[in-house]
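Each chain, letter by letter, is given below.
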Amino acid sequence: VDSVTGEESVQRMMAEKVLTVDTMNSCVKKVEYAVRGPIVLRAVQIEKELKEGVQKPFSEVIKANIGDAHAMGQQPITFFRQVLAMCSYPELLDDDRFPEDAKGRARRILQGCGGQSIGAYSASQGIECVRQDVARYVERRDGGVPSDPDNIYLTTGASDGIVTMLKLLVAGEGRSRTGVMISIPQYPLYSAALAELGAVQVNYFLNEERCWSLDVSELRRALADARRHCNPRALCIINPGNPTGQVQSRQCIEDVIRFAAKERLFLMADEVYQDNVYAEGCEFHSFKKVLFEMGPEFSSTVELASFHSTSKCYMGECGFRGGYMEVVNMDPEVKAQLTKLVSVRLCPPVPGQALMDLVVNPPQPGEPSYSTFIRERKATLSSLAERARLTEQILNTVPGIACNPVQGAMYSFPRVTLPARAIREAEERGQAPDMFYCMKLLEETGICLVPGSGFGQRDGTFHFRMTILPPTDKLKILLSKVKDFHQRFIQQYS
Amino acid sequence: MSVLRAISPDLSRIRLVDQDCLSKRAAQIREALLQGLERPFKHLIDISLGDAHRGGLQPITFVRQVISACLYPSLLDSGRLPTDVKSRARNLLKQCEGESVGSYTATCGLPKIQHSLSEFISRRDRGVPSSPENIFITSGSQQALMLVLRLFVHGKGSLQTGIMTPVPSSPLFNMALSSLGGAVVPYHLCEEEGWTLRLDEMRRALATARRHCNPMGLYVINPGNPVGQVQSQKSIEDVIRFAAEEKLFLLADEVYQDSVHDPTAEFVSYKRVLHEMGPPYSNTVELASFNSASKGFMGECGLRGGYVEFVNLDSAVMGHIYTLFSTEACTAVMGQIALDIMANPPRSGDASYTAFFEEVQNRRNTLNNNAKRVQETLNSLDGMSCQPIRGGIYAFPQLHLPARAVAKAEEAGVAPDLLYCMLLLEEMGLCVGPGSEHLQRKDTHHLRLCIATPEDTLQEVLERLSTFHLHFMRLFSG
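- Looking at an unreviewed UniProt entry, one finds chain A named alanine transaminase and attributed to Denticeps clupeoides.
- Among the UniProt annotations of chain A, the heading Catalytic activity (unreviewed entry) holds the following wording: "L-alanine + 2-oxoglutarate = pyruvate + L-glutamate".
- In UniProt, chain A has this text filed under Cofactor (unreviewed entry): "pyridoxal 5'-phosphate".

Now the structure itself:
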């Protein structure tokens, strides 16, 4: 098409835009992300209204929708912030207020940076000395199972690594289109990424009656179903679980590995909550460790990517966007493509890389900062454990709310029984019933939760995800308000 | 055989930049020098990347003081930091949930910083209004570019989305586009005219492209990367008119807007020109403008702070962009803070102003002087020519290589300018980038040097380069 005359061109300009909902990438339209979705937007709006003096039955909005510990008052680890402050402003290295071990770390990190500045780009895969430290951490954590720094990729939060791996995996057309198995309920980054990539989401249901456990028989069912219409190539598992909070047993992890080996599936193990384990008898087992303990039949064949982050655990440093992934048994040619792919986004934020270095290489016994560090970490984790227990306990006193034990992570995902009338009214409004419930809760109490429909759930069941993060006093108030609301709601719609 | 063998075909299409083999070799040499191995040079100089701090320039003190106080608020009680640093840090912390920079922020960034950016843009554009809700704060401009490209790219065969991109190109942009399944539609900048954008060439490129793909966007870089041109207002108007006529979405990469060296040149934003053209252009042409804290006087590449401003986008589409972006949580808070300072630096009367102003002026003078010196020196060499470096942070001189050198390179199976760079690295310990990374007119060869480096480093660079060049030309001539 040659360029047009002046008049015609003006007419064309007045017509359709270049980018409309019809001309845009149709996959993008399918993307949803409940954690920051419509209910949160309404919560932000309500906050504005409160500020403007609008009268409401509550004086503040409590955002229990997102896994952000600092937002709810959790304190950062002193040592980490000291080192990072010195990395940003190296003049502070001569300041007496900072302990020697913190100074040593800062100097070491700066040595690894271009021009000794955290403002220089790092290599796309991440600062080398940080990757080495991550590898050593993984080895220690996994009882000596070797870890090669070359298999470590630093990422912008774990999300960056997860999406990158999914990009790598998705191929094929029609019946050979890649299918990716993901738990229901799941963290909606997975469904969003799969929707955008046009991959097939293959759901496997966690067992609510048995504490959200993972049954291999359910994996088999899901896989067999999926094979009829796509090419399932990967299995994603979140352990400890989000939103469900279960901590998988070692046996379960072995079973999953065996299943992945047999069915030739690439394993993606989202382990960002690995330090958030509360329930007695529960223990975090890394997929990599279990894989290697199962012997060479599995450890030399099963392809695995494990993900970790600085946003959760006891650090809660979401705003740094620090993370890493470790790839195991990846084909060298594929790994070359992965390395190429990560270079497209340049590099992860350097402060986040520096923070990850400290997380994997914290103060050691005998070092000046050790006792403070241990004290702070313990206090944070035990407070979380206490709030996990409290949440489960109080929610279970409400008739119509059933909460599985919050074994780990940062959320409760209770099931709510909704009266038929409420369900009908929701459907009339074109809303998912649990969205209808949560919106009402927000409007009446100022508490922002995320409806279970945002995470996936069995048909006909309803849930909400609530974080355990508000400080204990506030959490108690929150829980009692949820209790009161629920009882009112049931009464209203019975 | 690996499960992953059959991976996404789009990925195999990405051309990995040649940079990799050079930077790997540079790292090896650096290591060897540390081990005490003998080389004809004492230390390695690497000016191949657009990274001011790596090149030896220092961060701006005020920026780092504010960041350190935000990271470790106990510093606010010390006498160590100037009062304006403290009040800025306190203010920023108040904006953060839980008053911690470790919290997530709103998807598009801290509202206060979006607001600062909108005022910055408006001031820069002589009052053209800018709305905070059209500003998305991203992890560097690269994330913003990819976000926008994701909205477009889909389709195969003749429906494959094409985006017009300048040659010499930004390899990163082309890689991003290819990785998403889009088609690169190259349009050549005119070297002889100082790397101008020529409409006839753009029309030619577009017409050719329409035979095999669906061009939907036009990517321009102003000031140029790597070529350093600064578009005149008229040139920008012509491009806008072209985009309007041909129904192309405009992507204006303006990350070097702060680096204009030629006193006769002036950065004018696409948004301002669009506005000044009035209706129907001003209220219909769709535009995304990109900026970053990685370039300009700050050079904070590692903090990953950037933004995109959308103009005239369909509101339903904006809703989808927001949802899409929300899946990536938020931009790193340190990067956002750098942007805040970029948008709203210390003012006259503030405690840090004098020192800040001096540092920034020195930075600007360094770049201006470097641009001048590089041009003069390289143009004085036989077999090299350098167009005026009006803006940006690179020099992109052309190498006029003897036939024998080209033949030698062909034998070795590498691009001639890459061969030149490899030999330069081995013999002189100087790492620069090859033009072949950028796509370039056939049978032309170039080098890419980053000029964001201290003046004495640049002096050393030019000495090493001149010495090598003379030797190289002599070796391959005759």
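Once the structure has been displayed, the description carries forward.
## A look at the pairing of strand S8 (residues 306–311) of chain B
Residue and element names in this part refer to chain B.
- Counting buried residues along S8, six of its six residues qualify, which places the element largely inside the surrounding structure.
- The two faces of S8 match: Gly306, Val308 and Phe310 on one face and Tyr307, Glu309 and Val311 on the other face are all buried.
- With four bridges joining them, strand S2 (residues 135–138) and S8 adopt antiparallel strand pairing. The residue bridging Phe136 from the neighbouring strand is Val308, located in S8.
- Here strand S7 (residues 287–292) runs beside S8; their pairing, made up of six bridges, is antiparallel. By the bridge assignment for S8, Phe290 is matched with Val308.

## Observations regarding the nonpolar core
- By size, the foremost hydrophobic cluster in this structure holds 86 residues, and its most contacted members are Met165, Met181 and Ile257 of chain A.
- Other than its neighbours up to four places away in sequence, Ile257 of chain A contacts Leu267, Phe287, Val290, Leu291, Met294, Phe298 and Val302 of chain A.
- Judged by nonpolar contacts, the second largest core, of 80 residues, contains Phe80, Met315 and Met356 of chain A together with Ala343 of chain B.

## Re the environment of Glu254 of chain B
- One can find Glu254 of chain B in the loop between strand S6 (249–253) and helix H10 (270–276).
- Among residues more than four places away in sequence, those in contact with Glu254 of chain B are Arg124, Asn222, Phe267, Val268, Ser269, Tyr270, Ser289, Phe290 and Asn291 of chain B.

## Things to note about the sheet that holds strand S3 (residues 161–167) of chain B
Residue and element names in this part refer to chain B.
- Strand order in the open sheet made by the seven strands is S2-S8-S7-S6-S5-S3-S4, with mixed pairing throughout. Every other strand in the sheet has two partners, leaving S2 and strand S4 (183–188) as the edge strands with one partner each. Pairwise comparison of adjacent strand axes, ignoring direction, gives a mean angle of 25 degrees for this sheet.
- Bridging between strand S5 (residues 214–221) and S6 involves five bridges; their strand directions are parallel. Bridging from a neighbouring strand, Tyr219 pairs with Leu251 of S6.
- Running at roughly 170 degrees to S5, helix H9 (residues 233–245) makes contact with S3, S5 and S6 of the sheet.

## Focus: the UniProt feature "domain: Aminotransferase class I/classII large" (unreviewed entry) in chain A
- Look at the UniProt record and you will see "domain: Aminotransferase class I/classII large" (unreviewed entry) annotated at residues 115–480 of chain A.
- Between the end C-alpha atoms of residues 115–480 of chain A there is a gap of 55 Å, over a span that is 42% helix and 16% strand.

## As for the packing of helix H9 (residues 216–227) of chain A against helix H10 (residues 250–263) of chain A
All names here are of chain A.
- Two elements in contact, H9 and H10, have axes separated by 10 Å at closest approach and are oriented at 25 degrees. Classified by the angle their axes make, H9 and H10 are roughly parallel. Pair H9 / H10 crosses with right-handed handedness. Facing H9, whose interface residues are Val216, Leu219, Arg220, Leu223 and Arg227, H10 presents Asp255, Val256, Phe259 and Glu263.
- Taken together, the residues of the contact of H9 with H10 sort by class into five nonpolar, no polar and four charged.

Definitions and cut-offs
- Residues numbered from 1 in each chain as written.
- Chains lettered and ligands numbered in written order.
- Predicted model: local features only at pLDDT ≥ 70, side-chain atom pairs only at ≥ 80, totals over all residues.
- Heavy atoms only, no water.
- UniProt positions renumbered as here; feature names shortened; annotations may be inferred.
- Buried < 20%, exposed > 50% of the residue type's maximum accessible area, 1.4 Å probe, protein only.
- Helix = DSSP H or I, 4+ residues; strand = E, 2+ residues; numbered from the N terminus.
- Pairing = 2+ DSSP bridges.
- Core = buried A, V, L, I, M, F, W, Y, C linked by side-chain atoms within 4.5 Å.
- Contact = heavy atoms within 4.5 Å.
- Axes fitted to C-alpha atoms, helices over the stretch in contact; angles between N-to-C directions.
- Parallel < 35°, antiparallel > 145°, perpendicular 65-115°, else oblique.
- Left-handed = near helix turned anticlockwise from the far one by under 90°.
- Nonpolar A, V, L, I, M, F, W, Y, C, P; charged D, E, K, R; others polar.

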